[in-house]
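Coordinate inspection notes
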Amino acid sequence: MKAAVLERIGASPKFKIKELPSPAIKSGQVRIRNYASSVSPVDTMIRQGKAVLASAGLSNQIIGSDFSGRVIASKSRLFKEGDEVYGMRPIIKGGAYAEELVIDDDLVVLKPTNLTFLEAGVIPLVGLTAYQALFKVGRLQAKENVLITGCTGGVGAAAVQLAQSMNAHISGLCSENHRAYANAIGCDVVIDYKNQQIPSGARFDLIFDAAGMYTYSDLKHHLAEHGLFVTTRGETNNIKGIVKTAVDVVFEPNMKFVFVKPNAEDLLALKGFIERGQLKPHIAHTFSLEQLTEAHRLMKKGGFVAKIAIDIS
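Notes on the structure in this doc start here. All of these numbers come straight from a predicted model, not from anything done at the bench.

With that out of the way, let us pick up the packing of aromatic side chains. Scanning the entire structure with this criterion turns up seven aromatic pairs. Look at Tyr131 and Phe135: their rings are 5.2 Å apart centre to centre, the planes differ by 50 degrees, and that puts the pair in the tilted class. One end of the pair, Tyr131, and the other, Phe135, are both in helix 4 (residues 124-137), four residues apart, so they sit about a helical turn from each other. Overall, Tyr131 belongs to the buried group, its relative accessible area being 13%. Residues Tyr216 and Phe229 carry aromatic rings whose centres are separated by 6.2 Å and whose planes lie at 75 degrees to one another, so their mutual orientation is edge-to-face. With Tyr216 in helix 7 (residues 216-219) and Phe229 in strand 12 (residues 223-231), the pair connects residues that are 13 residues apart, well separated along the chain. Judged by its relative accessible area of 8%, Tyr216 falls in the buried class. Under the relative-accessibility criterion, Phe229 is labelled buried at 1%. Within the aromatic cluster, the residues linked to one another by ring pairs are Tyr131, Phe135 and Phe273. The side chain of Lys111 reaches across the aromatic face of Phe117, ending 5.2 Å from its centre. When the ring centre of Phe273 is taken as origin, the NZ or CZ atom of Arg276, which lies over that ring, is 5.0 Å away.

In structure tokens form, the structure reads like this:
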């Protein structure tokens with residue numbers, strides 16, 4: 001099989017296409033011919049060596065989490081050869097930047113019938129993160145007021161659509177040039193985070209920091225009495241932010257982290273949202289496996305909305 005191998009970690013992305021043996025399959029697993037994957041911020045963190053558990057001491061590794069493809073071998077009672085599936089490999093294991101992969105059968109489900117393989121390949125990581133943040137951690141209820149930072153990124157855009165399915169009133173933070181997209185996916189109020197302030201009287205039942213740019217202390221005055229602040233990482237881009245985040249975690253019970261956990265139950269829930277038309281993937285750019293280095297450079301550069309897709313077909 002063909003795979004994009006990360007020969008070394010570092011700030012400059014460098015993948016090399018190699019021919020590797022097909023991965024071995026065990027009981028309770030399926031082997032998948034993988035047609036699509038994606039690039040997410042966590043993939044760039046792993047590639048740069050910032051995710052220690054995922055990359056420390058490893059070389060010639062295959063990273064990537066999202067996959068979408070067809071079962072070509074099965075040792076599972078749940079799937080048969082030919083099934084079209086999608087899912088997410090655990091972040092610390094990776095393996096999705098390859099033509100074939102093996103996955104436990106509790107981490108994969110049948111692909112949404114109304115999506116192409118490429119569309120399905122950009123959904124799992126961002127969709128699961130948003131779903132678990134809103135419903136598992138944030139306990140979102142119908143018609144609540146929600147603030148979503150980074151509302152036009154992969155996770156943020158998924159969160160906006162999922163919150164809209166609950167008839168929530170959604171305020172989104174993004175840059176001014178992404179305002180039209182934010183409105184199009186369901187934001188009722190769009191705030192330019194560079195040049196505008198959140199209205200002083202605004203109170204939210206749930207604040208989801210999908211951008212991972214804020215601490216509880218930054219936004220707590222905008223929480224309703226029993227509101228929750230859920231973040232993907234808190235403000236950890238500088239020492240001051242790391243200290244503030246650490247203090248908030250210890251002393252603020254209304255601050256919660258979401259750590260995405262791939263599982264079939266939540267993938268099936270996403271499948272339902274997708275097939276009902278309540279969650280739609282948006283692809284900003286598509287690259288081939290051979291262009292993975294360029295895809296990671298674009299992720300680092302930023303300035304786009306939605307997702308980067310990797311076409312492995």
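It is worth spelling out the side chain of Ser76 at this point. Following the sequence through the fold, Ser76 ends up in the loop between strand 4 (66-74) and strand 5 (84-88). Within the structure, Ser76 has its side chain in polar contact with the backbone nitrogen of Leu78 (distance 2.9 Å). Those residues in contact with Ser76, other than ones at most four positions away along the chain, are Gly28, Gln29, Val30 and Asp105.

Rules and cut-offs
Residues numbered from 1 in each chain as written. Predicted model: local features only at pLDDT ≥ 70, side-chain atom pairs only at ≥ 80, totals over all residues. Heavy atoms only, no water. Phe/Tyr/Trp six-rings, centres within 6.5 Å; stacked < 30°, edge-to-face > 60°. Helix = DSSP H or I, 4+ residues; strand = E, 2+ residues; numbered from the N terminus. Buried < 20%, exposed > 50% of the residue type's maximum accessible area, 1.4 Å probe, protein only. Lys NZ or Arg CZ within 6 Å of the ring centre and 35° of its normal. Polar contact = N/O pair within 3.5 Å; in protein donor to acceptor, adjacent residues only side chain to side chain. Contact = heavy atoms within 4.5 Å.

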